[in-house]
Amino acid sequence: MNEDIEIVGGGLAGSEAAWQLAEAGLKVRLSEMRGGGERTPAHQSDDLAEMVCSNSFRSDDAEHNAVGLLHQEMRDLGSLIMRAADKHRVPAGSALAVDRQAFAQEVTRAIESHHNITVVRGRVDGLPDHPAIIATGPLTGSKLAEAIASATGEKSLAFFDAIAPIVHRDSINMEIAWFQSRWDKGDGKDYINCPMDKAQYEDFVHALIDGEKAEFRQWEKDTPYFEGCMPIEVMADRGIETLRHGPMKPVGLDDPKTGRWPHAVVQLRQDNALGTLWNMVGFQTKLKHGEQVRIFRKIPGLENAEFARLGGIHRNSFINSPRLLDEQLRLKAKPNIRFAGQITGCEGYVESAAVGLIAARFSAAEFRGQQLLPPPVETAIGALLGHITGGANSETFQPMNVNFGLMPVPEGRVKKTDRKKAYTARAREQFSKWFAEYAVPTPLLSQAKCSGT
Ligand SMILES: Cc1cc2nc3c(=O)[nH]c(=O)nc-3n(C[C@H](O)[C@H](O)[C@H](O)COP(=O)(O)OP(=O)(O)OC[C@H]3O[C@@H](n4cnc5c(N)ncnc54)[C@H](O)[C@@H]3O)c2cc1C
């Protein structure tokens, strides 16, 4: 190879990574299978950075929203994806939505015309022995997926990703819910329990059965379906008692208000080391997002639940990053390889591009013999990276959008109405410090201007 580094996959993450490395002065080969006689089942064009579904980068509010904050940090770091999105934005209130085709064409033009980038249209089937970033996304080609699985000891990379909703701890009503492990095993704080009486349970089961569901896409129907990720509403449909004998089993759980087992229980398990996020155990679902919020708020204790992530079941490919990657996104078993994008276990266009950006920054620093410290966990990009490389439990690791629950709770008393601003103000401060101390004098950074305070 004549270039310094290869990026495999020209999606949101790979395009951003290629741009960052090229701007830092490195020679980059970007290998993308589309345009070389291949397509994924979801992509429609040969453009780089194609958005396969919605045209939204979600909220652009950097003061009250974690993804808006992530937009801002990426802009500060000279993101090509954000530059193209800003240029091709379409009206969408406080959200950043884009003209999808114009956006992807803009990114493609910028990459293809960069003097430091060579785009090769062809599929890569194995893990390279030279420096490389793998950014092949949720629909990674099957031969490469097999090679990654065999290099990492994973059984398989492509499967139905059964996602249960995740709730912000501070939105759970602990006047109703209580901490207890079944039969008092563990340290007593392992689960939060939400009780239901018979009438509440039956009403809930019927709501699950009647709720509006999202459809499987044709190509998703061909992916193996595991009994272990049965949607909650499918279980509910098997009989009124099924859930009471499955994920909503009340045995061994004493409601402190009555001293007795309730008729049924919804359990939530701690999902991150900070204890700010709690996972609804066994609640993977194909219900539409609006329906999930409506129906799950019927659960006593979750009347005002705020969801860090809603449930879903779709085809995905991702690696167990907390176990396999170091804090610089290097594969521990083969450190010439970094991973970026959705395959690392982040979720969404913006998050994937952000992980591509930071993976490239780590690589650029390494080429210079320097060490770039990861951004602090109080920043959006640092929080996302923390989830991928260590914050999450490797046993239960699941893809995640960026959200405030991935950051430590701000110190001191903060009024609920000011809480989001407290997160973002602290993040901007921490980001500015990290940015100022940034050790790598890339041409890009010498021109970039941090907008943090
Ligand atoms: C059906 C579907 C719908 C989605 N809807 C949304 C949504 O509405 N909003 C949202 O934010 N996110 C959505 N996502 C998630 C979205 O795909 C990711 O957030 C984002 O595209 C991931 O970026 P990435 O760069 O990691 O992967 P991708 O953007 O998928 O890019 C990976 C690239 O690698 C290429 N590639 C794969 N294997 C090889 C190989 N062996 N050799 C060479 N090239 C290869 C692919 O052709 C592709 O261009 C959806 C995903 C799917 C599958």
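Structure's up top.
The structure reproduced in this document is the subject of the present report.

### Concerning the site of the ligand
Then comes step 1: In the region of the ligand, 33 residues are neighbours, and Glu32, Arg34, Val124, Gln342 and Gly348 sit closest.
Then comes step 2: Within the backbone of glycine 348, a nitrogen or oxygen atom sits 3.0 Å from an oxygen atom of the ligand.
Then comes step 3: One of the side-chain N or O atoms of serine 352 is found 3.5 Å from an oxygen atom in the ligand.
Then comes step 4: Burial of the ligand by the surrounding chains reaches 92%, relative to a free accessible area of 970 Å².
Then comes step 5: Those elements giving two or more residues to the shell around the ligand turn out to be helix 1 (12-23), strand 2 (28-32) and helix 10 (349-367).
Then comes step 6: Taken together, the residues of the shell around the ligand sort by class into 13 nonpolar, 16 polar and four charged.

### Structural notes on the side chain of threonine 152
Then comes step 1: Checked against the element boundaries, threonine 152 lands in helix 5 (residues 142-152).
Then comes step 2: On the accessibility criterion, threonine 152 (9% relative accessible area) is buried.
Then comes step 3: With residues near it in sequence (within four places) discarded, threonine 152 still touches Arg323, Leu324 and Leu331.

### Quick notes on the pairing of strand 2
Then comes step 1: Within strand 2, four of the five residues are buried, which leaves the element mostly enclosed by the surrounding structure.
Then comes step 2: In this structure, strand 1 (residues 5-8) lies alongside strand 2, joined through four bridges in parallel fashion. Bridged to isoleucine 5 within strand 2 is valine 28.
Then comes step 3: Pairing of strand 2 with strand 6 (residues 117-121), which is carried by five bridges, proceeds in the parallel orientation. In the sheet register, serine 31 faces strand 6, and the bridge partner there is valine 120.

Rules behind the numbers
- Residues numbered from 1 in each chain as written.
- Predicted model: local features only at pLDDT ≥ 70, side-chain atom pairs only at ≥ 80, totals over all residues.
- Heavy atoms only, no water.
- Near = heavy atom within 4 Å.
- Polar contact = N/O pair within 3.5 Å; in protein donor to acceptor, adjacent residues only side chain to side chain.
- Areas by Shrake-Rupley, 256 points an atom, 1.4 Å probe, with all protein chains shown as cover.
- Helix = DSSP H or I, 4+ residues; strand = E, 2+ residues; numbered from the N terminus.
- Nonpolar A, V, L, I, M, F, W, Y, C, P; charged D, E, K, R; others polar.
- Buried < 20%, exposed > 50% of the residue type's maximum accessible area, 1.4 Å probe, protein only.
- Contact = heavy atoms within 4.5 Å.
- Pairing = 2+ DSSP bridges.

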